[in-house]
Amino acid sequence: MASPTPAKRGKKPRSAQQPTGQVQSLTRGLMLLEYIAEAQSSIALTELAQQAGLPNSTTHRLLMTMQQMGFVRQVGDLGLWTIGAHAFVIGSSFLQSRNLLAMVHPMLRKLMEDSGETVNLAVLDFSDHQAVIIDQVQCTQLMRMSAPIGGKLPMHASGAGKAFLANLSEEKVSALLHKRGLHHYTPRTLTSPQNLKADLAQARRSGYALDDEEHALGLRCVAACIYDEHSEPYAAISISGPVSRITDDRITELGALVIKAAKEITKEYGGTH
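Residues numbered from 1 in each chain as written. Predicted model: local features only at pLDDT ≥ 70, side-chain atom pairs only at ≥ 80, totals over all residues. Heavy atoms only, no water.

The name that an unreviewed UniProt entry assigns to the chain is Transcriptional regulator IclR, with the source organism given as Izhakiella australiensis.

So this is what it looks like as structure tokens:
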């Protein structure tokens, strides 16, 4: 369990007053985002308020607004604040995850070589509850999966998305499904909440999630989560390829590969599960 970030001695709060023409709440929100980014891991609300020179109540309201937009999120039993994935999507403070990418990319390449298929790294965008691809190593096969960096994947119809869902409580899954719905992509898309929840239960038992032509016909994807120091899913790693190569008898084999890679990355990242 992480402890609150120690206060920086001698650090004076930035002025909460803004030059003429600036919107006060926006200025304060961006200032808090900068402090969270500078903390590099996570930080307590009271320390944020102290650094920013703002009341705790004002700080909390600003944080809740930014959390709803996906720019920040709370982690761990202490409810510390850290950068959210949506900041990456718009090219903001989440770019500090470059350290993660530099560490993970060689492992993605090894997984591609071991599996012979395209490998993806995705994070969860809390603002609209979709998985976002942040890195990819394509295989050398003529027929291969290809998706743009920054591309979004549906939670209920992708390997990475279902890997995230399998780590959520049934109440959170139900709330998400109510908010997003179960869009029909192919005849194999799980559009029944009961069927999806049964599929997620299977993912929890096996340790990996399977997209069986649910997002695109002819494409299969096997995925597992990477966990942070709070044992919460931070990212997901997946292997994607055509059904002609990811056959029924290869799914267990590829599942074992992606679980092993996810565990190695979790360990290297300092996470636990």
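Right, picking up where we left off after that structure.
Please clarify how the overall build of the chain should be interpreted in this entry.
Across its full length, the chain holds nine helices and eight strands. Taking all 273 residues of the chain together, 50% fall into the buried category. In the chain, once contacts between residues fewer than 6 apart in sequence are set aside, the share between residues at least 24 apart is 58%. (Helix = DSSP H or I, 4+ residues; strand = E, 2+ residues; numbered from the N terminus. Buried < 20%, exposed > 50% of the residue type's maximum accessible area, 1.4 Å probe, protein only. Contact = heavy atoms within 4.5 Å.)

Would you mind going over the packing of helix α7 (residues 170-180) against helix α8 (residues 193-206) with me for this structure?
Between two packed helices, both the angle of their axes relative to each other and the distance between the axes serve to describe the pair. Two elements in contact, α7 and α8, have axes whose closest approach is 12 Å; the angle formed by their N-to-C orientations is 140°. By the angle between their axes, α7 is oblique relative to α8. For the element pair α7 and α8, the recorded crossing hand is right-handed. Across the interface between the two elements, Glu-170, Val-173, Ser-174 and Leu-177 from α7 touch Pro-193, Leu-196, Lys-197 and Leu-200 from α8. (Axes fitted to C-alpha atoms, helices over the stretch in contact; angles between N-to-C directions. Parallel < 35°, antiparallel > 145°, perpendicular 65-115°, else oblique. Left-handed = near helix turned anticlockwise from the far one by under 90°.)

So what exactly am I meant to see when it comes to the environment of Leu-200 here?
Tracing the backbone shows Leu-200 in helix α8. By relative accessible area, which is 2% here, Leu-200 ends up buried. Spatially, the C-alpha atom of Leu-200 lies 6.8 Å from that of Lys-162, the residues being 38 residues apart in sequence. Here Leu-200 is in contact with Lys-162, Leu-165, Ala-166 and Val-173, once residues within four sequence places are set aside.

Honestly, the nonpolar core in this entry has me stumped. Any pointers?
Inside soluble globular proteins, nonpolar side chains tend to come together where they are buried. Ranked by internal contacts, the top residues of the largest apolar core, which has 30 residues, are Leu-108, Leu-111, Val-119, Leu-121, Ile-226, Ile-237 and Val-258. Secondary-structure elements contributing two or more residues to this core are α5 (98-115), β3 (118-125), β4 (130-137), β7 (219-227), β8 (233-242) and α9 (248-269). With near-sequence residues (within four places) excluded, Leu-111 lies in contact with Gly-116, Val-119, Ile-237, Ile-239, Leu-257, Val-258 and Ala-261. Leu-153, Val-173, Leu-182 and Leu-190 belong to the second largest nonpolar core, which has 27 residues in total. (Core = buried A, V, L, I, M, F, W, Y, C linked by side-chain atoms within 4.5 Å.)

Help me out: how do you make sense of the side chain of Asp-135 in this one?
Mapped onto the elements of the fold, Asp-135 is located in strand β4. Look at Asp-135: it is buried, it has no salt bridge, and the nearest opposite charge is Arg-109 at 8.2 Å. A polar contact of 2.8 Å, which involves the side chain of Asp-135, links it to the side chain of His-105. Once residues within four sequence positions are removed from consideration, Asp-135 is found in contact with Leu-101, His-105, Leu-108, Val-119, Asn-120, Leu-121 and Ile-149. (Lys, Arg positive; Asp, Glu negative; His and termini not counted. Salt bridge = Lys/Arg side-chain N within 4 Å of Asp/Glu carboxyl O. Polar contact = N/O pair within 3.5 Å; in protein donor to acceptor, adjacent residues only side chain to side chain.)

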